[in-house]
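Each chain, written out:
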Amino acid sequence: MLEFLWLSFLACLVLTGIHVYLGLHVLARGVIFVDLALAQVAALGITIAFLAGHPIQSEAAYWYALAFTVAGAGLFSLTRVHRGAIPQEAIIGIVYAVSAALTVLVVDRAPQGAEHIKQLLVGSILTVTPGDVGRLALLYALLGALHAAIRRPLLEISFEPDGAAARGRAVRWWDFAFYLTFGVVVTSSVRVAGVLLVFSYLIVPAAVGALLSGSVTGRLAIGWAVGAIVSTLGLWASFAWDLPTGAAVVATFGAFMAAVACVFGFQALARGVRKRGWEALRGVAIVASAAVGLAGLLLVAFPRMDHHWLDWIEEAAPSVERVFLTPAERQAWRDSREALERGTAELRRLKTLEVDVQWGRAKLTPEEQERLRQFLASRGEITAGDRFVLKTLRSRARERQRVWLGLPLLILGAVAAGLLASRASRRAPAR
């Protein structure tokens, strides 16, 4: 794994270093989507360069993107100072929407437009070269040194805007300096990582740092640690499951943020239990009861829709499904299940071999590769047939479960939610 992804990992660390610091400013200013808007403006510049005949990774495309981003930075610095009836966040949203629409219109005139949009969204961080990483590291080191030199007015404007204005800070020009350097970073990052990954590196680590620390130094340290951990996990997931690298890292950022939110939610519940006892869990119990009743209602009304909760239960305990099948259907279920397990294991082995060939870990002749491709296709069709049989049997079971499982769940959930809610209303103090 290290042999193929170490350069991508270094690129992720370089992105983490500068984006976490800028993300602290973005969160403090309340302009959460400014990065996404500037990234989309840079993507528009790259798209126009692409339509003009310049490759996406060319120097000409970079300067096109930088010119568009500088214009966007100037606009955002002006709208921050001149506050009117329209908030700056609305301006940012308008710039993003218009830039995205113009990108689509321009791409419509370019060959391979769909592939171009995909690359702009998720980037090509898997194919970075040592030169790319070195140039990014040098550029971001220079910009980081510049921000260290002017950190006092920028931090004051971001974290204490009223105090900075009262003390006569040249807010407009310092804002323009911030957005200009910010635009240079975004322009350079979008070419390598894509719009979505750049936004994730900017917001998620800084947001986690803001949740866990009150100081700028503490937020930086936590954000850098989060960026490094998520980069490692995302790249590993991309390698292990053969996923697009940029999208895998972005999804890992989302999963990490969800995990942090769950931890804070459990902590809040625990504090409530310590303070008010089990009464603090009444709201959770009402929601859970209502969810049970809703699940039963949907099973009764729409037995053929996707009931994922029931699928998970049946995967863990297959007897929950088999008990609602006839003897002949149970035998067909067992045969299809065994055939599917064998076919899935064989497909997994062959797909692993195919990935090894793609990554150069195994060698096959062109004839052997073609035979492997054909065998994968035929085995996939057989496996799909087994899945269809199991799906048909599951539909028959659902028709019987709607009465014997869905109706009791509906009654149980509705009664429990009603009793809990009525007790809560009786305990509420009268106004």
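Data block above holds the structure.
This write-up is about the structure you can find in this document. Treat the numbers as computed from the prediction; the structure is a model and nothing was measured.

About the cut-offs
Residues numbered from 1 in each chain as written. Predicted model: local features only at pLDDT ≥ 70, side-chain atom pairs only at ≥ 80, totals over all residues. Heavy atoms only, no water. Helix = DSSP H or I, 4+ residues; strand = E, 2+ residues; numbered from the N terminus. Axes fitted to C-alpha atoms, helices over the stretch in contact; angles between N-to-C directions. Parallel < 35°, antiparallel > 145°, perpendicular 65-115°, else oblique. Left-handed = near helix turned anticlockwise from the far one by under 90°. Contact = heavy atoms within 4.5 Å. Nonpolar A, V, L, I, M, F, W, Y, C, P; charged D, E, K, R; others polar. Patch = residues over 30% accessible without salt bridge, like charges linked within 9 Å, V, L, I, M, F, W, Y side chains within 5 Å. Areas by Shrake-Rupley, 256 points an atom, 1.4 Å probe, with all protein chains shown as cover. Salt bridge = Lys/Arg side-chain N within 4 Å of Asp/Glu carboxyl O. Buried < 20%, exposed > 50% of the residue type's maximum accessible area, 1.4 Å probe, protein only. Core = buried A, V, L, I, M, F, W, Y, C linked by side-chain atoms within 4.5 Å.

What follows covers the environment of arginine 342. The topology assignment puts arginine 342 in helix H15 (residues 327-358). It is 9.1 Å that separates the C-alpha atoms of arginine 342 and threonine 383, two residues lying 41 residues apart in sequence.

Once that is clear, we can look at the packing of helix H2 (residues 34-51) against helix H4 (residues 88-107). One can describe the packing of H2 onto H4 by two numbers: an axis separation of 8 Å at closest approach and a directional angle of 20 degrees. Judged by the inter-axis angle, H2 sits roughly parallel to H4. Two packed elements cross with a definite hand, and for H2 against H4 that hand is left-handed. Listed contacts from H4 to Val34, Leu36, Ala37, Gln40, Val41, Ala43, Leu44, Thr47, Ile48 and Leu51 of H2 are Ile92, Val95, Tyr96, Ser99, Ala100, Leu102, Thr103, Val106 and Val107. Residues that form the contact of H2 with H4 fall into these classes: 15 nonpolar, 4 polar and no charged.

Our focus in this paragraph is a nonpolar patch on the surface. The grouping of Ile94, Val98, Leu102 and Leu105 at the surface amounts to a nonpolar patch, some 360 Å² of accessible area in total. A residue is classified by how much of its surface remains accessible, and leucine 102, at 38% relative accessible area, is partly exposed.

Of all hydrophobic cores here, the largest spans 65 residues; its most connected members are Leu22, Val34, Phe76, Ile125, Tyr140 and Phe182. Every element with two or more residues in this core is listed here: helix H1 (2-29), H2, helix H3 (59-81), H4, helix H6 (130-149), helix H9 (171-212), helix H10 (216-241) and helix H11 (245-276). When residues in this core are grouped by element, the largest group, 19 residues, is from H9. For phenylalanine 76, the contacting residues outside a window of four places in its chain are Val34, Ala37, Leu38, Gln88, Ile91, Ile92, Val95 and Tyr179.

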